[in-house]
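Structure assessment
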Amino acid sequence: MKQFISTDDVPSVPRLVDIALNYKKDPFRDNTLGQHKTVGMIFLNPSLRTRLSTQVAAKNLGMEAVVFNIDKEGWQLEMNDGVVMNGNTSEHVKEAAAVMGQYFDILAIRTFPGLKNKEEDYTEKYINQFIKYAGVPVVSLESATLHPLQSLTDVITIKENWQQPHKPKVVMTWAPHVRALPQAVPNSFAQWMNAWGEADFVITHPEGYELDEKFSGNARIEYDQDKALEGADFVYVKNWSSYRDYGKILNTDSSWMVTNEKLKHTNAAKIMHCLPVRRNVVIADEVLDGPQSIVIQEAGNRVWAAQAVLSEILKG
Ligand code: CP
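Parameters and conventions
- Residues numbered from 1 in each chain as written.
- Predicted model: local features only at pLDDT ≥ 70, side-chain atom pairs only at ≥ 80, totals over all residues.
- UniProt positions renumbered as here; feature names shortened; annotations may be inferred.
- Axes fitted to C-alpha atoms, helices over the stretch in contact; angles between N-to-C directions.
- Helix = DSSP H or I, 4+ residues; strand = E, 2+ residues; numbered from the N terminus.
- Parallel < 35°, antiparallel > 145°, perpendicular 65-115°, else oblique.
- Left-handed = near helix turned anticlockwise from the far one by under 90°.
- Contact = placed C-beta atoms within 7 Å.
- Buried ≥ 20, exposed ≤ 12 C-beta atoms within 10 Å, placed from the backbone.

Under the annotation held in an unreviewed UniProt entry, the protein carries the name N-succinylornithine carbamoyltransferase and is attributed to Chitinophaga solisilvae. The UniProt entry for the protein carries the following text under Subunit (unreviewed entry): "Homotrimer." The protein has a UniProt comment under Pathway (unreviewed entry) that states "Amino-acid biosynthesis; L-arginine biosynthesis."

What follows is the structure, encoded as structure tokens:
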């Protein structure tokens with residue numbers, strides 16, 4: 001694997017899932033693969049799981065991980081080419097990415113969307129500038145439109161919780177939130193569900209929250225949440241802001257929050273969320289603290305997803 005930005009970079013999703021699950025069984029099987037190699041983890045935005053799980057994954061492979069919170073500790077970056085840099089930006093991404101490419105064997109980056117300029121976000125301007133100038137493989141730690149390490153984790157988690165011969169019904173439901181959030185997690189989950197192809201995949205949300213069809217693909221869209229949840233084996237809960245009315249909050253209806261009442265017509269569905277989650281806004285306490293929640297197992301699986309990706313890039 002040459003980079004890890006989306007499913008397009010993955011020759012076989014099922015194979016990558018198996019590699020991750022094998023690391024879960026035997027974390028140190030390749031503990032010298034990353035010897036004398038370093039991954040630079042560059043954060044333009046906050047993180048708990050992505051940062052820590054990727055550091056642990058690198059350690060399991062014998063690899064050094066260097067974390068740089070560039071938003072707080074670095075020079076303010078200029079991302080536009082050909083500009084006169086007489087404003088607030090001090091260093092151009094051309095130099096910053098190229099210099100980091102001299103220090104690291106893999107460059108991993110988190111860069112959220114601004115949610116103001118749809119074209120800038122959906123052309124992945126920021127991460128593409130790093131890819132263009134780094135000269136080493138780039139791993140997304142969540143970009144403007146996708147969060148592939150999270151989605152690989154989610155596929156792993158569904159697979160290990162499903163032993164039936166038929167496909168599980170997986171429902172991704174929008175839920176309310178107090179802030180405008182990116183579409184990266186739902187876009188990515190949809191992209192990976194479609195690429196994996198081992199689930200009956202449904203998306204439910206209020207009108208106006210349709211995702212870019214480039215990502216939702218063949219998913220069935222159902223505007224009635226109760227109807228969508230009927231018979232669900234997995235419920236993936238997430239808020240996102242509108243793609244159509246870009247970056248806007250169009251709906252604050254608290255009846256979309258996931259409660260035990262909402263889940264009663266599911267097939268005792270397992271509840272997933274990428275975390276962090278706002279309790280009693282997105283998902284009720286009774287669900288997060290109940291037996292159907294697998295959010296902690298899901299977050300734990302972030303290590304194996306990161307380890308699979310780093311190992312495939314090291315081998316590639
Ligand atoms: N799910 C996720 O990416 O968590 P962090 O933002 O804490 O890394």
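**Concerning the packing of helix α7 (residues 148–160) against helix α8 (residues 184–196)**
The contact between α7 and α8 brings their axes to 9 Å, and the two run at 50°. With respect to each other, α7 and α8 are oriented oblique. α8 is crossed by α7, and the crossing has right-handed handedness. Residue-level inspection shows P148, Q150, S151, L152, D154 and V155 of α7 in contact with α8, the latter providing V185, S188, F189, Q191, W192 and W196.

**As for the UniProt feature "binding site: N(2)-succinyl-L-ornithine" (unreviewed entry) in the protein**
Here, the residues flagged by UniProt with the feature "binding site: N(2)-succinyl-L-ornithine" (unreviewed entry) are E142, H177, K238 and R278. Within the secondary structure, E142 is located in the loop between β6 (138–140) and α7. Residue E142 is classed as buried on the basis of its C-beta count, with 26 C-beta atoms lying within 10 Å. If near-sequence neighbours (up to four positions away) are discounted, E142 is found in contact with T50, R110, F112, H147 and A184. Relative to the assigned elements, R278 resides in the loop between β11 (270–272) and α11 (285–288).

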